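Working through the structure, step by step
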Amino acid sequence: MLSNLERILFVILVVVSMGLAWVTFRRMFKVIGRGSDPIDWAKALAKWPKGLSVFLSQKTLFKTRPVVGAIHAGVAWGFTLYLLVNVIDVLYGMVPGFHFLPNHFIGDIYRFFVDFFSMVVLVGVLLFVVRRFITKDERLVTNEPVLLSESARKGVKRDSLIVGVFIILHVGFRFVGASFEVAIHGADWSQPGATLLSAAWAGLSPDALVFGEHLGWWMALGLILGFMPYFPYSKHAHLFMGPLNYMAQIERRSPSTLEIMDLEDEDAEQFGAAKVEHLPQKELLDAYACIMCNRCQDGCPAYQTGKELSPAAIEINKRYYFNEHLKEFSEGADSLDSLSKWMLSEEAAWSCTTCGFCIEACPVGNEPMVDILRMRQDLVLMESNFPRDAMEVFDKIENYGNPWGMSPMDREKWTEGMDVPKMREKGSAEYLYWAGCSGAYDDRGKDISRSVAKIMNEAGVDYAILGNEETCTGDSARRIGNEYLFQMQAMQNMENFEKYDVKKVVTQCPHCLTTLKNDYGEIGMELEVVHHSEFIADMIKEGKISPDKSLEEDVTFHDACYVGRHHGEYDAPRDVLESVMGEDANVVEMPRSKEESFCCGAGGGNMWYEINTGKRINVERFEEAIETGAKKVATSCNFCMIMMEDARKVTGQDETMEVYDIAELVADRI
Amino acid sequence: MKIAVLVKQVPGSESPLPIQSDQSWVDEGGIAYVMNESDNYALEEALQIKEQNGEGEVVVVSLGPDRIQKVIREGLAKGADRAIHIKTDTAGSVDPLVTASQFADALKDENFDLIFSGLQSDDVGMGQTGVIMGELMGMATASLAMATEVGDGKIKVKRELEAGWFQWVSLSLPASITIQSGLNTPRYPSLKGIMGAKKKEITVIEPSGGDAKQSLDKVYVPQSEKQTVMIEGSVDQQVEKLVDTMRNDIKVL
């Protein structure tokens, strides 16, 4: 189609554009290579079916924001098709007389899809532009208290505009070009859109039509060449960095279970991440995969209650830092500032409840929460700089084996007046029942422990407790960043597990569950650990207990993050609840539940210190529970219960709402 | 600036306190031991002075059986340079004169500029060791320090008096100061500190003798008694009687 002069010009432009893009792309991967733990690229690339399936199915886009996700899917599919379109268009322009399967049904189907998806992409991107710049969806901005670099605050908007305009012009001109082609060659039933538009060119001279077709071609493909060198700087790079990131994902036992640190390593200079190059390569790749959609902050308990933390800002700050220091950083210069200066403020790092929502919501497999955990490790292990109250908790765990700082000899007091077998008397048992510190020292926690023991006794389970031999699993210590204390606690407990040949554990504490099952597993002790909700649900299914269906009031259920997102269990606690519901009473769901459940505010050590910025997280969640109209909120985590009980008191809603653990509701009915 | 900090390992406030059957002392087997609270502040004060000066040495000194190495390591992990362990078989004497003499003998050749100790120990609470030791070593002494300022061969100490009053005193060096809890924010040891502490030197020495002029007769858990008194009469009489009881009998007013 093109003239010889145009062909030469095109080849020159391709060489220049690709050359410039190559330089930037190389730097981009060198930046990623600056990270600490290397990405195993061979392993990652071998997972191409995973990347491809996420890319093609777009399934991760529908988890939250399904409508926007659907529009995005249309655009993404259109763009995927355009990869082929651009190749064919180049051939059409460069190879004289080339037409893609003219008068063949495959060619016709191809042209139909292109015609259709061109319109889908145009409409979709137009909607995105309208949403960002005209109706101004507030989810697309990050509120003030969050540390987000000035260049990012402006840059995200500018970048979105550039990308939006690029897509509209690229696809638009391709579409216009096609309409001129139709005008030249006559109506084409396989391109209804282009045919419709071609009517606008009626009356133009043949030369004008040819000029129009050339203009369309040049604008469509020339824009790509123009955009290419900018592409690695733009968030549009998520197009392939997203799937790549998905393939490079680290398989963790739970989202909060980081690899075990070798504390004996004499050569180790750094524990945790103080600077960006201390983060693993995968977590630098995260920044390039991020499209800055802010889905992660939509359900972040800290962000939603006005604190300094936005998980999105972590990735965005990283990306802008890389963009601004691309040359020197890729060439090996140290990043000068500590992460707390530009990536995430210290207060923000302490505001994270490790609820795991950000990881769950991210369509491209980013793990901002893991960055936070690594930063905390540095602040605790290297800097000794963390909330005062957390320091007291460390001392209490170290000295008394529980974060409450109560006597280790009082740990089994909750069993008084009950028949609860102890390992030291029994020698061994099929199940170790792990009440945990909250189940041993907190008053409401003791109620839960007694309920669980009553259920186990009733069901005739072969179990025993460690009693006073039990000590804190080290969950809070590990999530706050004190790996040293965590490992000390783990060693003590693991010694006991070996002594009593423990293989199976039941616990009502989701934090103990995660730690025993995943963190201890990571150390090398494989235990079968089940949550009491799962255990009780099984007891009911197997007919070992049959609670009365006598709960005659509606109940709403609050998912514990460490049972749900961290352990993948959403049904068991609901099954347990259903087993006690009377005929006219229902389990009513809160707007945010299951995978999208909103944290109570206690996880990640936040149980033990106060972040005073913004609204209290537990109050926010408690109000959501109140709005369901239910008079009872059921929990399956002791921390959640403490937070709900606290919110009940501070909001003065003692009368309106009662808080129960699912085990209590069952134990009262057998 | 060379500073010695006397630290003592004591039962934690929430530790179980089983009493030995002969009531001579607590049964050490079931006790969770911690660093004496005010000693922790004394150590922090010493570390801060060293850091402000940019040079100097902080030496942790403790007296007791092997178990006390835990608090010695804690002190080293927080930043003390080395330690002296005056090793005894038992928890040590309850006579502060004996204890102070043992410390003084151990430290007499070290030429410390400052000796910091906690105001009192949380177990026997005599509150005299640092003061007597200062006297024995011929040092200026001050007790109940709420703040310190070191400079020009002197140490200025803000001392806590009764009823919210305080006084500033200036002491020439060397000096022995007993430190009140709360005057600073004790640090948490970093991992590097903990690992580094394993390589720091702990000099173990024998205690010098000494005739104890004080001893414990008996250790026991206070018996709580419940007494109910009904106050009768008119409202005015009741109030008067209640106030009188609270003021003179149970002394809470």
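Residues numbered from 1 in each chain as written. Chains lettered and ligands numbered in written order. Predicted model: local features only at pLDDT ≥ 70, side-chain atom pairs only at ≥ 80, totals over all residues.

Considering the overall build of chain B
The helix and strand tally for chain B stands at 6 helices and 11 strands. Here chain B, with 253 residues, has 36% of them falling under the buried criterion. Pairs at least 24 apart in sequence give 68% of the contacts found in chain B among residues at least 6 apart. (Helix = DSSP H or I, 4+ residues; strand = E, 2+ residues; numbered from the N terminus. Buried ≥ 20, exposed ≤ 12 C-beta atoms within 10 Å, placed from the backbone. Contact = placed C-beta atoms within 7 Å.)

Digging into the overall build of chain A
Within chain A one finds 30 helices and 8 strands. Taking the principal axes of the C-alpha coordinates as reference, chain A spans close to 100 × 65 × 45 Å. Of the contacts formed within chain A by residues at least 6 apart in sequence, a portion of 82% connects residues at least 24 apart.

Quick notes on the nonpolar core
Judged by nonpolar contacts, the single largest core of 159 residues is most densely connected at L344, Y433, I536, C640, M644 and V666 of chain A. Sorting elements by how many residues they give to this core places helix 18 (residues 368–382) of chain A first, with 9 residues. With sequence-adjacent residues up to four places away left out, V666 of chain A is seen in contact with I455, I536, P547, V576, S579 and V580 of chain A. With 50 residues, the next largest nonpolar core counts V60, V71, L107 and I132 of chain B among its residues. (Core = buried A, V, L, I, M, F, W, Y, C linked by C-beta atoms within 7 Å.)

Some thoughts on the confidence of the model for chain B
For chain B, the average pLDDT comes to 92, and 100% of its residues sit at 70 or higher. Interface scoring of the predicted complex returns ipTM 0.84; its pTM is 0.92. (pLDDT = per-residue confidence, 0-100.)

Overview of the domain arrangement of chain A
Note on interface size: it is often stated as the accessible area lost on association of the parts. Residue and element names in this part refer to chain A. By domain assignment, chain A separates into domain 1 (4–244), domain 2 (276–382) and domain 3 (390–667). The C-alpha-based centres of domain 1 and domain 2 are spaced at 28 Å. Each partner contributes to the interface: domain 1 provides 35 residues, whereas domain 2 provides 42 residues. Looking at the side of domain 1 that touches domain 2, the elements with two or more residues in it are helix 1 (4–33), helix 6 (150–185) and helix 9 (238–248). Here the element with the most residues in the side of domain 1 that touches domain 2 is helix 1; it accounts for 6 residues. (Domains from an automatic or database assignment.)

Topic: the packing of helix 5 (residues 105–134) of chain A against helix 6 of chain A
Residue and element names in this part refer to chain A. Direction vectors running N to C along helix 5 and helix 6 enclose 155°, while the axes themselves pass 9 Å from each other. When the interaxial angle is binned, helix 5 and helix 6 end up roughly antiparallel. Like other packed secondary-structure pairs, helix 5 and helix 6 cross with a definite hand, here left-handed. Of helix 6, the residues touching helix 5 (which contributes S118, V121, L122, V125, L126, F128, V129 and R132) are S160, G164, I167, I168, V171, G172, R174 and F175. Of the residues that constitute the contact of helix 5 with helix 6, the class distribution is 10 nonpolar, 4 polar and 2 charged. (Axes fitted to C-alpha atoms, helices over the stretch in contact; angles between N-to-C directions. Parallel < 35°, antiparallel > 145°, perpendicular 65-115°, else oblique. Left-handed = near helix turned anticlockwise from the far one by under 90°. Nonpolar A, V, L, I, M, F, W, Y, C, P; charged D, E, K, R; others polar.)

A look at the interface of chain A and chain B
Tallying the contact residues gives 16 residues for chain A and 14 residues for chain B. Those elements giving two or more residues to the side of chain A that touches chain B turn out to be helix 18 and helix 19 (388–400) of chain A. The leading source of residues in the side of chain A that touches chain B is helix 19 of chain A, at 4 residues. For the side of chain A that touches chain B, the class distribution of residues is 11 nonpolar, 4 polar and 1 charged.

Side note on unusual backbone geometry
Each neighbour pair has its own omega, and for L173 of chain B with P174 of chain B the value is 0°, a cis peptide bond. Examined against the element boundaries, P174 of chain B turns out to sit in the loop between strand 9 (166–172) and strand 10 (175–179). Phi is positive for N294 of chain A, close to 70°, though the residue is something other than glycine. Mapped onto the elements, N294 of chain A comes out in the loop between helix 10 (281–289) and helix 11 (295–298). Exposure remark for N294 of chain A: the 25 C-beta atoms within 10 Å place this residue in the buried category. Residues other than glycine seldom take positive phi values, yet T354 of chain A does so here, at roughly 50°. As for its position among the elements, T354 of chain A is in the loop between helix 16 (346–351) and helix 17 (357–361). The exposure class of T354 of chain A is buried, given the 30 C-beta atoms found within 10 Å.

A few points about the sheet that holds strand 9 of chain B
Residue and element names in this part refer to chain B. Strand order in the open sheet formed by 9 strands is 9-8-7-10-6-1-4-5-11, with mixed pairing between adjacent strands. At either margin of the open sheet sits one strand with a lone partner, and together these are strand 9 and strand 11 (202–205). Between one strand and the next, the sheet's axes are offset by a mean angle of 35°, whatever the strand orientation. Here 6 bridges tie strand 4 (residues 57–64) to strand 5 (residues 82–87), and the two strands are oriented parallel to one another. Bridging across to strand 5, S62 finds its partner in H85. Sitting on the sheet, helix 3 (residues 96–107) is in contact with strand 1 (2–6), strand 4, strand 5 and strand 11, with an inclination near 140° to strand 4. (Pairing = 2+ DSSP bridges.)

Structural notes on helix 3 of chain B
Residues and elements named next belong to chain B. Over its 12 residues, helix 3 runs 16 Å from end to end, which matches the ideal 16 Å to within 8%, given 1.5 Å per residue. Within helix 3, 10 of the 12 residues are buried, which leaves it mostly tucked inside the rest of the structure. Residues of helix 3 that are buried include every one of P96, V98, T99, A100, S101, Q102, F103, A104, A106 and L107, and no others. (Expected span 1.5 Å × (residues − 1).)

Things to note about the pairing of strand 9 of chain B
Residue and element names in this part refer to chain B. Here 7 bridges tie strand 8 (residues 154–160) to strand 9, and the two strands are oriented antiparallel to one another. If you follow I155 over to strand 9, its bridge partner there is L171. Counting the residues between successive antiparallel strands, the hairpin from strand 8 to strand 9 contains 5 residues, one of them, A163, with a positive phi of roughly 55°.

Digging into the domain arrangement of chain B
According to the domain assignment, chain B consists of domain 1 (2–205) and domain 2 (223–253). Relative placement of domain 1 of chain B and domain 2 of chain B: their C-alpha centres are 43 Å apart.

Here we look at the pairing of strand 7 (residues 140–151) of chain B
All names here are of chain B. As paired strands, strand 7 and strand 10 are joined by 4 bridges and run parallel to one another. Note that in strand 10 the partner of A145 across the bridge is I179. When strand 7 meets strand 8, the two strands line up antiparallel, connected through 6 bridges. Within strand 8, the position partnered with A145 by the bridge is R159. The antiparallel hairpin formed by strand 7 and strand 8 contains 2 residues in its connecting segment, where D152 sits at a positive phi of about 55°.

Describing helix 1 of chain A
All names here are of chain A. For helix 1, built from 30 residues, the straight-helix expectation of 44 Å at 1.5 Å per residue is met to within 8% by its first-to-last C-alpha distance of 43 Å. If you check which residues of helix 1 are buried, you get M28, V31 and I32. Tucked inside the fold, the buried residues of helix 1 contact helix 10, helix 13 (311–324) and helix 14 (326–330).

Here's the deal with the environment of T142 of chain A
Residues and elements named next belong to chain A. Topologically, T142 is positioned in the loop between helix 5 and helix 6. Overall, the presence of 20 C-beta atoms within 10 Å leaves T142 in the buried class. Considered as a pair, T142 and Y303 are 161 residues apart in the sequence and their alpha carbons are 8.9 Å apart.

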